[in-house]
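A look at the structure
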Amino acid sequence: MTHQDGFETLAIHAGQEPDPLTGAVVPPIYQVSTYKQDGVGGLRGGYEYSRSANPTRTALEQCLAALEGAPRGLAFASGMAAEDCLIRTVCSPGDHVLIPDDAYGGTYRLFARVLTGWGLDYGVVPVFDVAAVRERLAARKTAVVWVETPTNPLLNIADIRALAQAAHEAGALLVVDNTFASPYLQQPLGLGADVVVHSTTKYLGGHSDVVGGALVTADGELADRLAFTQNATGGVAGPFDSWLTLRGIRTLAARMDRHCRNAMRVAQMLAEHPAVAEVLYPGLPSHPGHKTAQEQMRAFGGMVSFRLLAGEEAAVRACGRTRLFTLGESLGGVESLIEHPGRMTHASVTGSALEVPGDLIRLSVGIEDCDDLLDDLRQALAG
Ligand SMILES: Cc1ncc(COP(=O)(O)O)c(C=O)c1O
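To start, this report covers the structure provided alongside it. (Residues numbered from 1 in each chain as written. Predicted model: local features only at pLDDT ≥ 70, side-chain atom pairs only at ≥ 80, totals over all residues. Heavy atoms only, no water.)

1. Brief notes about the environment of Asp-371
Locating Asp-371 in the fold gives a position in helix α13 (residues 370-382). Using a relative accessible area of 41% as the deciding quantity, one classes Asp-371 as partly exposed. On a C-alpha basis, the gap between Asp-371 and Val-266 in space is 9.3 Å, while along the polypeptide they are 105 residues apart. A distance of 2.7 Å separates polar atoms of two side chains, one belonging to Asp-371 and the other to Arg-265. (Helix = DSSP H or I, 4+ residues; strand = E, 2+ residues; numbered from the N terminus. Buried < 20%, exposed > 50% of the residue type's maximum accessible area, 1.4 Å probe, protein only. Polar contact = N/O pair within 3.5 Å; in protein donor to acceptor, adjacent residues only side chain to side chain.)

2. Quick notes on the pattern of salt bridges
On inspection of all chains with the given rule, the structure shows 15 salt bridges. For Asp-121, the salt bridge goes to Arg-140, with nearest N and O atoms at 2.9 Å. Linking Asp-121 in strand β3 (residues 121-125) with Arg-140 in the loop between α5 (130-139) and β4 (144-148), this pair joins segments that are 19 residues apart in sequence. One salt-bridge network, in which partners are shared between bridges, spans Glu-278, Arg-307 and Asp-359. (Salt bridge = Lys/Arg side-chain N within 4 Å of Asp/Glu carboxyl O.)

3. Side note on the packing of aromatic side chains
Overall, the coordinates contain five aromatic pairs when judged by the stated rule. Centre to centre, the rings of Tyr-108 and Tyr-122 are 6.1 Å apart; their planes meet at 85°, and the pair counts as edge-to-face. Residue Tyr-108 is found in helix α4 (residues 105-115), and its partner Tyr-122 is found in strand β3; the two are separated by 14 residues along the sequence. (Phe/Tyr/Trp six-rings, centres within 6.5 Å; stacked < 30°, edge-to-face > 60°.)

4. Some remarks on empty space enclosed by the protein
Considering all chains together, one arrives at one cavity of 30 Å³ or more under this definition. Space inside the largest cavity adds up to approximately 40 Å³. What lines the largest cavity is simply Leu-60, Leu-64, Ala-75, Phe-76, Thr-200, Val-211, Gly-212, Gly-213, Ala-237, Asp-241 and Thr-245. (1 Å grid on protein atoms, 1.4 Å probe; cavity = no way out; pocket = protein on both sides within 12 Å on 5 of 7 lines; lining within 4 Å. Points joined across faces, edges and corners; volume = space filled by probe spheres on them.)

5. Comments concerning the layout of surface pockets
Of the pockets and cavities examined, the largest pocket occupies roughly 350 Å³. Lining the largest pocket are 23 residues, with Met-80, Tyr-104, Ser-199, Thr-201 and Lys-202 sitting closest to its centre. Of all the secondary structure elements, the ones that give two or more residues to the lining of the largest pocket are α3 (79-90) and β6 (195-199). Counted by class, the lining of the largest pocket contains seven nonpolar, 10 polar and six charged residues. Of the volumes computed, that of the second largest pocket is approximately 290 Å³. Surrounding the second largest pocket, 16 residues form its lining, Asp-19, Pro-20, Pro-28, Tyr-30 and Pro-55 being those nearest its centre. A per-class count over the lining of the second largest pocket returns nine nonpolar, five polar and two charged. (Nonpolar A, V, L, I, M, F, W, Y, C, P; charged D, E, K, R; others polar.)

Right under this line is the structure:
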């Protein structure tokens, strides 16, 4: 398979040649920890122990790399395991990193509660404001600029190309968490980012049945260093999880098209709704990042956040009144989810610079019949 193939083709074929032994069209689940050697050091295909490499994981890693347009990808047990591996590879104790003022709460917790103990220092910056990022880079030597776009949960848009330039001029790496967009909608390495992070738990897996993470980079030397840490610290994706993720990836493009269509209709309905104070969706022309999103994304994604005029308690009550939108954390599965970030996914940022508004509701818009989804939201807001 070559990188000239289209995205949908790569999603179905990259890393997934029919099994040479049986012709099985889907990579088998190599549920195995160790491999027979043909004499000491005589490895078959490079496999010796499944923490270091496993054929089902290799298939997933090759596919992830192809989808991000890079030679190497690494698959982890979770998005957080991927993030931890990345930072402890590219940073040393004493280094300074910049993180977004709007990001997944668990990412903030990793920096604020775990990596600071290891000696890392971090600053918080609005990553949609390139001038602010440049100012902070000029003020202090920084090893990494960490960006989400769209951000979780406020759906801000960061200009990847401009931030890559700013980071590189200051001698920093640009890391992009591409979880919300997925590689189908946005390919940060092509815009200048150094490393892409994924929680594959979300759109890549796509069915709310597996937790996983990924790192992808175009830099071969960095990929070797990341693979070394991955093996040394061991947060790898298991064979069955790799297989499930790969199964999800095959339909990523078709699912994302539908997620985006449904989310746009949901955002438009909410924007007209009298109970809604503000809709945060980069697909709406009123969104401050709309133009940048149009330039760097194929479409605007399946996540929609909105604020209620009636405040926090009304938001909490509305989250409990939906019939089809399931009240739950996570996102990116085929089924629609609703949550209250302040008390759920982002409880860990309460009292920090990343605190989210109490009247905020976040939707992961699924691929159900959109009329049913709109009716469900209308009845929950009327309730
Ligand atoms: C944007 C983003 N990055 C990273 C993560 C962490 O991934 P995981 O839950 O797979 O560890 C999440 C989880 O919600 C997320 O939303």
